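# Summary of the model geometry
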Amino acid sequence: NAGVTQTPKFQVLKTGQSMTLQCAQDMNHEYMSWYRQDPGMGLRLIHYSVGAGITDQGEVPNGYNVSRSTTEDFPLRLLSAAPSQTSVYFCASSYSGRISAEAFFGQGTRLTVV
Amino acid sequence: KNQVEQSPQSLIILEGKNCTLQCNYTVSPFSNLRWYKQDTGRGPVSLTIMTFSENTKSNGRYTATLDADTKQSSLHITASQLSDSASYICVVSAGSYNAGNMLTFGGGTRLMVKP
């Protein structure tokens with residue numbers, strides 16, 4: 001079982017560059033989300049989607065865009081990278097948005113913006 | 001504002017010893033509490049999920065407790081192994097449906113088990 005797959009695992013960007021972090025899940029999960037994890041802080045929600053064609057903002061959405069054209073894929077786009085976006089990014093999925101649904105996380109993408 | 005505080009921030013124990021990690025939360029309305037294990041360079045993996053009515057749940061050598069009155073939870077690890085070295089994250093859910101902002105993550109406790 002592949003589960004939640006994130007690519008790339010590591011990335012270095014120059015300030016102002018744009019890029020897309022990929023996230024794919026093969027569990028037919030409706031609910032997908034993106035988090036960032038910074039040292040000493042809990043994961044913070046960037047964007048989430050409750051199904052194909054539906055996305056919404058989380059706690060820290062500025063500087064990021066998402067789309068959900070298929071159930072499987074939920075890419076995260078950095079529009080113009082800034083050093084403050086240096087972080088580890090995690091994609092997660094669950095069968096539904098219900099609180100009791102188990103959340104599965106990808107392995108993370110470590111992004112450095114110089 | 002919903003908050004989850006974990007203590008200690010880091011902990012070093014010898015292999016075979018027990019340890020207890022703490023989680024205090026101010027999340028309303030409370031729905032459930034989860035403990036995750038995060039190995040270095042990996043995503044979090046769920047250990048336990050507890051609802052309001054559950055006060056103890058075990059998963060092998062991991063036992064989580066929940067006191068909804070004092071809004072505290074603990075994760076007890078018995079007979080620690082080197083593979084237990086990881087960060088342990090407490091996550092509290094609010095409401096009945098995840099509208100996106102209903103999961104509050106603690107900062108984690110970094111555990112190191114030494115031989």
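All of the points below concern the structure found in this document. Since this is a predicted model, take the numbers as computed values, not measurements. (Residues numbered from 1 in each chain as written. Chains lettered and ligands numbered in written order. Predicted model: local features only at pLDDT ≥ 70, side-chain atom pairs only at ≥ 80, totals over all residues. Heavy atoms only, no water.)

## Concerning the overall build of chain A
A count of helices and strands for chain A gives zero helices and eleven strands. Walking chain A from its N terminus toward its C terminus, one meets helices and strands in the order β-β-β-β-β-β-β-β-β-β-β. The principal-axis extent of the C-alpha atoms belonging to chain A is close to 35 × 30 × 25 Å. Burial status across chain A gives 50% buried among its 114 residues. (Helix = DSSP H or I, 4+ residues; strand = E, 2+ residues; numbered from the N terminus. Buried < 20%, exposed > 50% of the residue type's maximum accessible area, 1.4 Å probe, protein only.)

## Considerations on the sheet that holds strand β3 (residues 19-26) of chain B
Residue and element names in this part refer to chain B. An order of β1-β3-β8-β7-β6 is seen for the five strands of this open sheet, with the pairing classed as antiparallel. At either margin of the open sheet sits one strand with a lone partner, and together these are β1 (3-7) and β6 (56-59). This sheet shows a mean twist of 15° between the axes of neighbouring strands, independent of strand direction. With five bridges connecting them, β1 and β3 associate as antiparallel partners. Paired with Gln 3 across the strands is Thr 26, a residue of β3. (Pairing = 2+ DSSP bridges. Axes fitted to C-alpha atoms, helices over the stretch in contact; angles between N-to-C directions.)

## Here's the deal with the packing of aromatic side chains
The description of an aromatic ring pair uses the distance of the two centres, along with the angle that the planes make with each other. Under the defined criterion, the tally for this structure stands at nine aromatic pairs over all chains. Taken together, a centroid distance of 6.0 Å and an interplanar angle of 45° make the contact between A:Tyr35 and A:Phe105 tilted. Of this pair, A:Tyr35 sits in strand β4 (residues 31-37) while A:Phe105 sits in strand β10 (residues 103-105), and the two are 70 residues apart along the sequence. Judged on exposure class, the residue A:Tyr35 and its partner A:Phe105 are both buried. A centroid spacing of 5.1 Å and a plane angle of 70° characterise the contact between A:Tyr35 and B:Phe105, whose relative ring orientation is edge-to-face. Of this pair, A:Tyr35 sits in strand β4 while B:Phe105 is found in strand β10 (residues 103-105), placing the two residues in two different chains. Residue classification places B:Phe105 among the buried residues on the basis of a relative accessible area of 8%. Ring pairs connect the aromatic residues A:Tyr35, A:Phe105, B:Tyr36 and B:Phe105, which therefore count as one cluster. The aromatic ring of A:Phe74 is capped on one face by A:Arg68, whose charged end is 6.0 Å from the ring centroid. (Phe/Tyr/Trp six-rings, centres within 6.5 Å; stacked < 30°, edge-to-face > 60°. Lys NZ or Arg CZ within 6 Å of the ring centre and 35° of its normal.)

## Quick word on the pattern of salt bridges
Scanning all chains against the criterion turns up five salt bridges over all chains. Of the charged contacts, one joins A:Asp38 and A:Arg36 as a salt bridge, the two residues approaching to 3.0 Å between their closest N and O atoms. Residues B:Asp84 and B:Arg61 are paired through a salt bridge, measuring 2.8 Å at the closest nitrogen-oxygen approach. Linking B:Asp84 in the loop between β8 (72-77) and β9 (86-94) with B:Arg61 in the loop between β6 and β7 (62-67), this pair joins segments that are 23 residues apart in sequence. Classification of B:Asp84 as buried rests on a relative accessible area of 1%. (Salt bridge = Lys/Arg side-chain N within 4 Å of Asp/Glu carboxyl O.)

## A short note on the environment of B:Thr20
Residue and element names in this part refer to chain B. Its place among the elements puts Thr 20 in strand β3. Under the relative-accessibility criterion, Thr 20 is labelled partly exposed at 35%. Spatially, the C-alpha atoms of Thr 20 and Val 91 are 16 Å apart, while their sequence positions differ by 71 residues. For Thr 20, the contacting residues outside a window of four places in its chain are Ser 74, Leu 75 and His 76. Polar side-chain contacts of Thr 20 include one of 2.8 Å to the side chain of His 76. (Contact = heavy atoms within 4.5 Å. Polar contact = N/O pair within 3.5 Å; in protein donor to acceptor, adjacent residues only side chain to side chain.)

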